[in-house]
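The chain contents come next:
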Number of protein chains: 4
Amino acid sequence: MEYNEKQVQIMETAEILFAEKGFNGTSVRDIAEKANVNLAMVSYYFGSKDKLLEALFGYRGEYFKLKLETMIEDRELTSLEKMETMIDDKELSSLEKMNTLIDHYIEKIMQQQCFSRIMVREQVLNHTGITAELIFQMKKKNQELISKLIHQGQKKGEFKKNIDIPLMMATLIGTANNLVATQFYYRELNDLQSMSEEEFQKHLKKKLSQHLKKLFKAILTNEE
Amino acid sequence: MEYNEKQVQIMETAEILFAEKGFNGTSVRDIAEKANVNLAMVSYYFGSKDKLLEALFGYRGEYFKLKLETMIEDRELTSLEKMETMIDDKELSSLEKMNTLIDHYIEKIMQQQCFSRIMVREQVLNHTGITAELIFQMKKKNQELISKLIHQGQKKGEFKKNIDIPLMMATLIGTANNLVATQFYYRELNDLQSMSEEEFQKHLKKKLSQHLKKLFKAILTNEE
Amino acid sequence: MEYNEKQVQIMETAEILFAEKGFNGTSVRDIAEKANVNLAMVSYYFGSKDKLLEALFGYRGEYFKLKLETMIEDRELTSLEKMETMIDDKELSSLEKMNTLIDHYIEKIMQQQCFSRIMVREQVLNHTGITAELIFQMKKKNQELISKLIHQGQKKGEFKKNIDIPLMMATLIGTANNLVATQFYYRELNDLQSMSEEEFQKHLKKKLSQHLKKLFKAILTNEE
Amino acid sequence: MEYNEKQVQIMETAEILFAEKGFNGTSVRDIAEKANVNLAMVSYYFGSKDKLLEALFGYRGEYFKLKLETMIEDRELTSLEKMETMIDDKELSSLEKMNTLIDHYIEKIMQQQCFSRIMVREQVLNHTGITAELIFQMKKKNQELISKLIHQGQKKGEFKKNIDIPLMMATLIGTANNLVATQFYYRELNDLQSMSEEEFQKHLKKKLSQHLKKLFKAILTNEE
DNA sequence: AATGAATGAGTCTTCATTCAT
DNA sequence: GATGAATGAAGACTCATTCAT
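Model, not experiment: these values are computed from the prediction.

Draft legend 1. Representation of the overall build of chain A in the model. Summing up its helical and strand segments, chain A has 11 helices and zero strands in all. Counting from the amino terminus, helix and strand elements in chain A follow one another as α-α-α-α-α-α-α-α-α-α-α. Put simply, chain A has 224 residues, and 52% of those count as buried. Put simply, of all contacts in chain A between residues at least 6 apart along the chain, 66% involve residues at least 24 apart. For chain A, the accessible area works out to roughly 10700 Å², and carbon and sulfur atoms hold 49% of it.

Draft legend 2. Looking closely at the relation of the copies chain D and chain C. Its rotation angle being 180°, the transformation that places chain D on chain C also includes 0.0 Å of axial translation and leaves an RMSD of 0.1 Å. Classification of the inter-copy transformation places it as that of a two-fold axis. Of every C-alpha in chain D, the one belonging to Gly 174 of chain D sits nearest the axis of rotation, 2.1 Å from it. Looking at the interface residues of chain D, 100% of them are also at the interface in chain C, so both copies use one shared face.

Draft legend 3. A look at the protein's contact with DNA strand E. Lining the immediate surroundings of DNA strand E are 29 residues, of which Asn 38 and Tyr 45 of chain A, Lys 49 of chain C together with Asn 38 and Tyr 45 of chain D lie closest. When atoms of DNA strand E within 4 Å of the protein are sorted by moiety, sugar and phosphate together comprise 66%. The contact in question runs from a phosphate oxygen of DNA strand E to an N or O atom on the side chain of Asn 38 of chain A, over 2.7 Å. The separation between a phosphate oxygen of DNA strand E and a polar main-chain atom of Lys 49 of chain C is 2.8 Å.

Draft legend 4. Representation of the interface of chain D and chain C in the model. Across the boundary between the two partners, chain D contributes 51 residues, which contact 51 residues of chain C. Summing the contributions of chain D and of chain C, the shared interface buries around 4800 Å²; its carbon and sulfur component is 63%. If you look at where chain D meets chain C, you find two salt bridges. Counting the contacts that link chain D with chain C gives 13 residue pairs in polar contact (both at pLDDT 80 or more). Looking at the side of chain D that touches chain C, the elements that each hand over two or more residues are helix 1 (5–21), helix 7 (113–124), helix 8 (129–155), helix 9 (165–181), helix 10 (183–189) and helix 11 (197–221) of chain D. The greatest single-element share of the side of chain D that touches chain C, amounting to 11 residues, is contributed by helix 9 of chain D.

Draft legend 5. Seen up close, the packing of helix 6 (residues 94–111) of chain C against helix 9 (residues 165–181) of chain C. All names here are of chain C. Where helix 6 meets helix 9, the closest approach of the two axes is 11 Å, and the angle between their N-to-C directions is 35°. Note that helix 6 runs across helix 9; the crossing there is right-handed. Two secondary-structure elements touch here, helix 6 through Leu 101, Ile 102, Tyr 105, Ile 109 and Met 110 and helix 9 through Leu 172, Ala 176, Asn 177 and Val 180. Here the contact of helix 6 with helix 9 is composed, by residue class, of eight nonpolar, one polar and no charged.

Draft legend 6. Spotlight on the protein's contact with DNA strand F. Contacts to DNA strand F come from 29 residues, most closely from Lys 49 of chain A, Asn 38 and Tyr 45 of chain B together with Asn 38 and Tyr 45 of chain C. Atoms of DNA strand F within 4 Å of the protein belong to the sugar or the phosphate in 66% of instances, the rest to bases. Here a phosphate oxygen of DNA strand F sits 2.5 Å away from a polar atom, N or O, in the side chain of Asn 38 of chain C. One nitrogen or oxygen atom from the main chain of Lys 49 of chain D is found 2.8 Å from a phosphate oxygen belonging to DNA strand F.

Draft legend 7. Expanded view of the packing of aromatic side chains. Summed over all chains, the structure comprises 32 aromatic pairs over all chains. Between the NZ or CZ atom of Lys 49 of chain B and the centre of the ring of Phe 23 of chain B, over which it lies, the distance is 4.5 Å.

Draft legend 8. Looking closely at the relation of the copies chain B and chain A. Superposing chain B onto chain A requires a rotation of 180° together with a translation of 0.1 Å along the rotation axis, leaving an RMSD of 0.2 Å. Interface overlap between copies: 98% of the residues of chain B at the interface are likewise at the interface in chain A, consistent with a symmetric, same-surface contact.

Draft legend 9. Representation of the interface of chain B and chain A. Across the contact, 52 residues belong to chain B and 51 residues belong to chain A. A combined buried area of about 4800 Å² lies between chain B and chain A, and 63% of that area is made up of carbon and sulfur atoms. Taken together, the connections running from chain B to chain A amount to two salt bridges. Between Asp 164 of chain A and Lys 207 of chain B there is a salt bridge; the shortest N-O distance is 3.6 Å. Along the contact surface separating chain B from chain A lie 13 residue pairs in polar contact (both at pLDDT 80 or more). Elements with a minimum of two residues in the side of chain B that touches chain A: helix 1 (5–21), helix 7 (113–124), helix 8 (129–155), helix 9 (165–181), helix 10 (183–189) and helix 11 (197–221) of chain B. Top element by residues in the side of chain B that touches chain A is helix 9 of chain B. It accounts for 11 residues.

Draft legend 10. Broad picture of the environment of Leu 17 of chain A. Residue and element names in this part refer to chain A. Turning to its location among the elements, Leu 17 is positioned in helix 1 (residues 5–21). For Leu 17, a relative accessible area of 5% corresponds to the buried category. On a C-alpha basis, the gap between Leu 17 and Lys 214 in space is 35 Å, while along the polypeptide they are 197 residues apart. The contacts of Leu 17, once residues within four sequence positions are left out, are Gly 22, Thr 26, Asp 30, Ile 31 and Lys 34.

Draft legend 11. Structural detail: the side chain of Lys 139 of chain C. Its place among the elements puts Lys 139 of chain C in helix 8 (residues 129–155). Look at Lys 139 of chain C: it is buried, it has no salt bridge, and the nearest opposite charge is Glu 188 of chain D at 13 Å. Beyond its immediate stretch of four places on either side in the chain, Lys 139 of chain C contacts Gln 123 and Met 169 of chain C together with Asn 178, Thr 182, Tyr 185 and Leu 189 of chain D.

Draft legend 12. Representation of helix 1 of chain D in the model. Residues and elements named next belong to chain D. Relative to the 24 Å expected for 17 residues at 1.5 Å per residue, helix 1 spans 24 Å between its end C-alpha atoms, a close match to the ideal helical length. What helix 1 keeps buried is the set Gln 7, Ile 10, Met 11, Thr 13, Ala 14, Glu 15, Leu 17, Phe 18 and Ala 19. Looking at where helix 1 begins, the residue whose side-chain oxygen comes 3.0 Å from the main-chain nitrogen of Lys 6 is Asn 4. Once helix 1 finishes, Gly 22 follows within two positions and takes phi at roughly 85°, a positive value.

Draft legend 13. Layout of the domain arrangement of chain A. All names here are of chain A. Domain boundaries assigned for chain A yield domain 1 (1–63) and domain 2 (78–221). Here the C-alpha centre of domain 2 lies 27 Å away from the C-alpha centre of domain 1. With 13 residues of domain 1 at the interface, the matching set in domain 2 holds 12 residues. Of the roughly 1200 Å² buried between domain 1 and domain 2 on both sides combined, carbon and sulfur atoms contribute 78%.

Draft legend 14. Spatial organisation of the side chain of Asn 177 of chain A. Its location among the elements puts Asn 177 of chain A in helix 9 (residues 165–181). Setting aside its immediate chain neighbours within four residues, Asn 177 of chain A contacts Ile 109, Ser 116 and Val 120 of chain A.

Draft legend 15. Representation of unusual backbone geometry within the structure. One non-glycine residue, Asn 36 of chain A, adopts positive backbone phi at about 55°. Position of Asn 36 of chain A relative to the elements: it lies in the loop between helix 2 (28–34) and helix 3 (40–46). For Asp 191 of chain B, which is not a glycine, the phi torsion comes out positive at approximately 55°. Relative to the helices and strands, Asp 191 of chain B resides in the loop between helix 10 and helix 11.

Draft legend 16. Structural detail: helix 6 (residues 94–111) of chain B. With 18 residues, helix 6 of chain B extends 26 Å from end C-alpha to end C-alpha; this agrees with the ideal 26 Å at 1.5 Å per step. For helix 6 of chain B, the set of buried residues is Ser 94, Leu 95, Lys 97, Met 98, Leu 101, Ile 102, His 104, Tyr 105, Ile 106, Lys 108, Ile 109 and Met 110 of chain B.

What counts as what
Going along each chain's sequence as written, the residues are numbered from 1 onward. The lettering of chains begins at A and the numbering of ligands begins at 1, in the order of writing. For a predicted model such as this one, the threshold for reporting local features is a pLDDT of at least 70, and the threshold for listing and counting side-chain atom pairs is 80 or more; totals across whole chains, interfaces and linings nevertheless cover every residue. As a convention, hydrogens and water are excluded, and side-chain values are obtained from all of the structure's heavy atoms. Only DSSP runs of H or I covering at least 4 residues are called helices, and only runs of E covering at least 2 are called strands; the numbering of each starts at the N terminus. Residue burial is assigned from relative accessible area. The probe radius is 1.4 Å, only protein chains are included, and a residue is buried under 20% of its type maximum, exposed over 50%, and partly exposed in between. What makes two residues a contact is simply this: any of their non-hydrogen atoms within 4.5 Å. Calculation of accessible area relied on Shrake-Rupley with a 1.4 Å probe; when residues are assessed, cover is drawn exclusively from the protein chains displayed. A residue counts toward the fit only if its pLDDT is at least 70 in both copies, and the copies are then superposed by least squares on the C-alpha atoms of those residues. Here a residue counts as near a molecule or strand whenever at least one of its heavy atoms sits within 4 Å of it. Whenever a nitrogen or oxygen atom comes within 3.5 Å of another N or O atom, the pair is scored as a polar contact, on the condition that within protein one atom can donate a hydrogen and the other can accept it, and that pairs from neighbouring residues in sequence are kept only if both atoms are in side chains. A quick way to say it: buried area is the sum, across both parts, of accessible area lost when two parts are put together, with a 1.4 Å probe. Salt bridges are counted wherever a side-chain nitrogen of Lys or Arg sits within 4 Å of a carboxyl oxygen of Asp or Glu. Here an angle of 0 to 180 degrees is reported between the N-to-C directions of two axes, which are lines fitted to C-alpha atoms, with helices fitted over the stretch in contact. By definition, turning the near helix anticlockwise from the far helix through less than a right angle yields a left-handed crossing, and turning it clockwise yields a right-handed one. Under the grouping applied here, Gly and all other residues not named as nonpolar or charged are polar, the nonpolar ones being Ala, Val, Leu, Ile, Met, Phe, Trp, Tyr, Cys and Pro and the charged ones Asp, Glu, Lys and Arg. Any Phe, Tyr or Trp ring, taking Trp's six-membered ring, that has another such ring centre within 6.5 Å forms a pair; planes under 30 degrees apart are called stacked, those over 60 apart edge-to-face, and the others tilted. By definition here, charges over rings are those cases where NZ of Lys or CZ of Arg is within 6 Å of the ring centre and within 35 degrees of the ring normal. Neither His nor the chain ends contribute to the count of charged residues, in which Lys and Arg are positive and Asp and Glu negative. Working rule for helices: expected span equals 1.5 Å times residues minus one. Here the bounds of each domain stem from an automatic or database domain assignment.

Have a look at this one:
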């Protein structure tokens, strides 16, 4: 699905507002005003507010995929498809691969905090509709990817047996989402108000990366 | 704060609906109808819909505390205050204490899933107002408790140094919330639809408990 | 169905406006303003604009029935139920009975011109929904009544055989509706602008009565 | 007024939709979509939706006239101008002439059912504007024609005196319109659902023709 | 000549809240 | 203390129309 400039403008404004005030807490008027477009344009371009949300879900998914392909061409190491390529790489250890995957997730979530918040909120309710389906597919894909990597590590003897993959997923996603979602409280609670926003974001990313890598290494490799 | 029967009825109905459809997705009319009370009673008893949410936050906190005191009298091991008592217990190892604390959290979240969902949703937005303050206090208290326990374990040489407590918190709460919030997807993804609801809840609780204990043990005690 | 004062006020205002400007040409705002009630009251009392129309159909039907019962008590000769009683009356000739029935119809239509116009308009479209069902039932009842009367007259040898009852119905209702609906053109075309409105209405009723009685007498009794 | 292909396409699509859902119940978008033309073309060609309706009224009138002229050339007996010629025909009896006129009306209405429905609906309201004027002129013309024919018959002693011409008009038009407009109910009420649509239309036409001719003959010729 | 994009005004409906009783 | 009736404000959405191209 291709979107023109105005449509993107609307979706990205909506994304910010949905993240800030929730879907039901945001009015079409709010979006139109903040996006500096006519009120009727939302219905005009997306049909309805619900469909705008669906479009946003599709757009972010699409955007991710596009980014992935781009990244592959650029020989960077942060995309999901690159992930898939990487998994078959014989040179890297399974743990190195897992660390790369973790960093990829963190990167994604940190770069799309608004959308992450929306997903956190939306997945809590409505298990029906297109958004739910998209969330489900995303989760499925992610779990498959991680499963593949872990099973490979186990075959190579680098990872232990008896890994509860769904729970590892919950920890990976849950920890990252929780920190991002409650960063305001995290900042207050740990007296980091003096940091600039940029520093703080870097700080979060680094902490998350270290912490999750440590967790995964411990679970995947240590003797009990 | 004491609430009469009708007030409790309204709050508990609101809790279910807020968890299901979100705060803004639930109308006062919905609540009144489902709670079988007059529409005007919500404003009459709570002043406004916003204050109803605040009251709910206070009520669940209050309710927890009440439960705690009761539990202490019953000499059970699942309350927060009991937690505090337990921390000073010389007989238990620090890891045993941590495991107890983990189970306590899991218990709390599993028993109050509706309220947990509401908190997950609400903490993502609005960092102002009474609810935010309540969430902040809750997080602070929890972090203090865990800090105390971990520092104690470190002093006793049972736990390693260099524990990132806020991140451990994020993992504890994030993993539990994520699993509870996305249990629908978890069930689908792992082909557990045949389980009865009760069995499934037990399954979730057990998995969560094993997983989080393993995680904490690994991080707190293992050599790197 | 019992309606309170305000509900009646809304329905009767809506009736006038629907007759004047059509259902879709009338906004809820128009109705509320003309009826001097709050805009939200229409939804409050009737649920929606569509349901207001349905209520109006029910109300006018109900109103007719109520009138009938009242009339019976008053021993008047203008009600539908009285009609039914009259049909079995041995003293009246079949033609006298038919004339009474014709006058009853004319009376009804002349007294409820607004509603008649609405029915004329609505029956042209939408053959679904509650309004269509009500129109159908009304037509069925009327046709049964006239059938009974005509068959009786035929048995008594007062009416000829071979009467096309559905077409007679179409003439009775069609002629009356046409004259009422196009009275504005009738007045212009026949230079009756000088008449007062009241005189004109009396004139219409008298003309209609004479004309339809003559038509029915000719068809029902004359040799070809 | 000459219309190009697209304009005719638009008008004829509008005619169907106006007949189906009413003028206000039909959106310009509906028309454009069903007519497979660009949305802006309606305004572009007709100026506005109102003017489209006016154009339709003019078009159908124009179309009728055109047909008449054609028919005259073809020596057929169904046109209005032929009517005018016929009236002066010395060979036909006045009743034969009237029967021809009745069939002509029925033919016209049956062939243009959509437009008839629109007229039935529109004449009930708005007595201003160009459409009202067109309806008025049509009614005037028709009444003059019938008047001329009846007066001629009276002069020749074939028709009785004391004919209420406007009421006869109301019966002619009212009966035909009523049957056409309520044909759905007529079919249901008289158990004709098994007929094919074509058969049913023929049936309607035949019944109408027989009925109206019988009515007119009785009124115009019989002794009272 | 024809149209895609855009829009202001208007639609119906729902909302949380108030208030007289 | 409790509530039925009522309402102003706001909600999402649709409309006929315009205009630059």
